[in-house]
Amino acid sequence: MPLTPVPDHASILEEIKTVRRGGIVRLRRLEVPSLARIAFALAPAEDGPAAVPAQSQSQSVEWLLRLAVSRLGGGTLQEAAEYTLGLTPGTRDWPGADRRRRAAELYGVSIERFRKEQEAVVLDQVAEQVGGLARAALAERHPSAGRDPAAGAPAADDDPAVTARTHRLLTVPAHGRTVPVTLHVHPVDLLRDVDVVVSPVNTYLALPEAYKSSVAASLRRAGALRGLTGEMLGDPIHEELREWAAARGTSGRPVLPGTVAVTGSGALAGQGVRRVYHAAVAVPRAGTNDYDVLPADVTRAVAHTLELLAEEHERFDPPLRSVCFPLLGSGRGGLPYEESVRAVWAAVDAELARGAGWDIHLVVRGLAPAGLVVRMLTEYAGGSVDGRAGNADGVEGVDRGASRSGDGSRGVGRRRPLP
């Protein structure tokens, strides 16, 4: 069963919904061809399905779903996915209504609200993980699958330099020197050993609910403190952000776009993330659920982030050195990826012109924005990816940083030169 092309997200999601309705015990009778193809493709080519701990199609698909759900990062999201699909021990033969009711209880909402809201998020996240596994299998097994046969060159959004690994080192000449920029192609909550992660928020500094799929929600969820059975014991990122606003008299009132608030990282400290900088770039549009984001506000927020980093870096041992930016404003804010890259890089480039030596990281979730970042940064400065041109040494990007955590929070401060 060849995997090319990779099944699209909608097809994967529809088949996962089929499993939710029918249940794991009925997999043998369910029509899930895309899931079966992906499960088969994940087995090593020389051994076929032997690497999948099951021989039948139904067992292979169950294994694939368990693998995808295990990549959700724990917590309520993963537990709800396990109940929803019948993967929790003792629930595989539960009726769909019983599994839905138990999952709704995890979120403390009615069954109907869970069906309309949280369940859609849960299944979408599982489908995204399945799709990621499929793309990784394709890149490993068929490295030329993303090439344009006519041109003989990689297609921009399916460049093997992007798809083959989740961390890539771009070398970008800037102001007479070569600057390494690490590109992460994975969910933001999988970051490790990056000192500071930037989280986009609205100008009311109101974090989204932890079960949602945005960057801010993912960081809030990953930073939560949990007990041995996954129950939430604390929500430190949310609580510290509220304290930051209260200390500055802005509770319930909007701050200026471009403001950056600082909190600790909660449980993310165990992954080497020591600070979360909350960049207020999204301005709520009155009477709607929409936001407005201006590129100038994104650039201002990135500049303030780097000012804060310069102010805070010596307060930690070892000093803060690395910072990771998502494509600010490109989610609910609706800013096109290209405009977000330009707005973020404008402030980074200005900092590099001053001789700053920060370790710069960018994180995106999909192949389209990853290919765009590679193309824009390398074409912008004539740089290269992984040593294919210029002065790059071909070393895969490795995040640098430490896992020690600090305390205290500061607002936007004055710039201090690097030592």
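See the structure printed just above.
Residues numbered from 1 in each chain as written. Predicted model: local features only at pLDDT ≥ 70, side-chain atom pairs only at ≥ 80, totals over all residues. Heavy atoms only, no water.

A. The arrangement of the overall build of the protein in detail. From N to C terminus, the protein includes 13 helices and 13 strands. The buried share among the 419 residues of the protein stands at 50%. Across the protein, contacts joining residues at least 24 apart in sequence account for 67% of those joining residues at least 6 apart. As presented, the protein carries roughly 18600 Å² of accessible surface, and 51% of it is formed by carbon and sulfur atoms. (Helix = DSSP H or I, 4+ residues; strand = E, 2+ residues; numbered from the N terminus. Buried < 20%, exposed > 50% of the residue type's maximum accessible area, 1.4 Å probe, protein only. Contact = heavy atoms within 4.5 Å. Areas by Shrake-Rupley, 256 points an atom, 1.4 Å probe, with all protein chains shown as cover.)

B. Representation of the packing of helix 9 (residues 215-223) against helix 10 (residues 236-247) in the model. Across the interface, helix 9 lies against helix 10 with an axial gap of 7 Å and an inter-helix angle of 110°. As the angle between them shows, helix 9 and helix 10 are arranged roughly perpendicular. Where helix 9 abuts helix 10, its residues Leu 219, Arg 220 and Gly 223 lie against Pro 236, Ile 237 and His 238. Classifying every residue of the contact of helix 9 with helix 10 gives three nonpolar, two polar and one charged. (Axes fitted to C-alpha atoms, helices over the stretch in contact; angles between N-to-C directions. Parallel < 35°, antiparallel > 145°, perpendicular 65-115°, else oblique. Nonpolar A, V, L, I, M, F, W, Y, C, P; charged D, E, K, R; others polar.)

C. Focus on the packing of helix 11 (residues 295-312) against helix 12 (residues 337-353). Helix 12 packs onto helix 11 with a crossing angle of 35° between their chain directions and a minimal axis gap of 8 Å. Taken as a pair, helix 11 and helix 12 cross one another with a handedness that is right-handed. Only Glu 339, Ala 343, Val 344, Ala 346, Ala 347, Val 348 and Glu 351 of helix 12 make contact with helix 11, whose side of the interface consists of Pro 295, Val 298, Thr 299, Val 302, Ala 303 and Leu 306. For the contact of helix 11 with helix 12, the residue count by class is 10 nonpolar, one polar and two charged. (Left-handed = near helix turned anticlockwise from the far one by under 90°.)

D. Inspection of the side chain of Arg 275 at higher detail. Mapped onto the secondary structure, Arg 275 falls in strand 9 (residues 275-284). Look at Arg 275 and you get buried, because its relative accessible area is 1%.

E. Region of the structure containing helix 4 (residues 75-85). Burial analysis of helix 4 places eight of its 11 residues in the buried class, which makes it a mostly covered element. All buried positions along helix 4 are accounted for by Gly 75, Leu 77, Gln 78, Ala 80, Ala 81, Tyr 83, Thr 84 and Leu 85. A positive backbone phi angle near 75° is found at Gly 86, which sits one or two residues after helix 4.

F. Quick look at the environment of Val 255. Along the polypeptide, Val 255 turns up in the loop between helix 10 and strand 8 (260-263). Judged by relative accessible area, which is 11%, Val 255 ranks as buried. Here the alpha-carbon distance between Val 255 and Asn 202, two residues 53 residues apart in the chain, equals 8.9 Å. When sequence neighbours within four positions are dropped, the list of residues in contact with Val 255 reads Thr 203, Leu 205, Thr 250 and Ala 280.

G. Quick look at unusual backbone geometry. Residue Pro 318 is reached from Asp 317 by a cis peptide bond, and omega for that bond is 0°. At Asp 193, a residue that is not glycine, the phi angle is positive and equals roughly 55°. Mapped onto the secondary structure, Asp 193 falls in the loop between strand 4 (177-185) and strand 5 (196-202). With relative accessibility at 32%, the residue Asp 193 sits in the partly exposed group.

H. Region of interest: the pairing of strand 11 (residues 322-326). With respect to burial, strand 11 is a largely interior element, five of its five residues being buried. Residues Ser 322, Cys 324 and Pro 326 point to one face of strand 11 and Val 323 and Phe 325 to the other, with burial holding for every one of them. Where strand 5 and strand 11 come together, two bridges link them in parallel fashion. Counterpart to Val 197 in the pairing with strand 11 is Cys 324. Bridge count between strand 11 and strand 12 (residues 359-364): five bridges; the pairing is parallel. The residue of strand 12 that forms the bridge with Phe 325 is Leu 362. (Pairing = 2+ DSSP bridges.)

I. Seen up close, the packing of aromatic side chains. Using the criterion set out here, one finds three aromatic pairs in the structure. Between the aromatic rings of Tyr 107 and Tyr 211, the centroid separation amounts to 5.1 Å while the plane-to-plane angle is 80°, which identifies the pairing as edge-to-face. One end of the pair, Tyr 107, is in helix 5 (residues 96-107); the other, Tyr 211, is in the loop between strand 5 and helix 9, with 104 residues separating them in the sequence. In this pair, the class of Tyr 107 matches that of Tyr 211, namely buried. Pairwise contacts between aromatic rings join Tyr 107, Phe 114 and Tyr 211 into one cluster. Note that Arg 102 overlies the ring of Tyr 83, its terminal NZ or CZ placed 4.8 Å from the centroid. (Phe/Tyr/Trp six-rings, centres within 6.5 Å; stacked < 30°, edge-to-face > 60°. Lys NZ or Arg CZ within 6 Å of the ring centre and 35° of its normal.)

J. The pairing of strand 12, seen in detail. Most of strand 12 sits inside the fold, with six of its six residues counted as buried. Tracing the backbone out of strand 11, into helix 12 and back to the parallel element strand 12 gives a crossover that is right-handed. (Right-handed = clockwise from strand over helix to strand, strands pointing away.)

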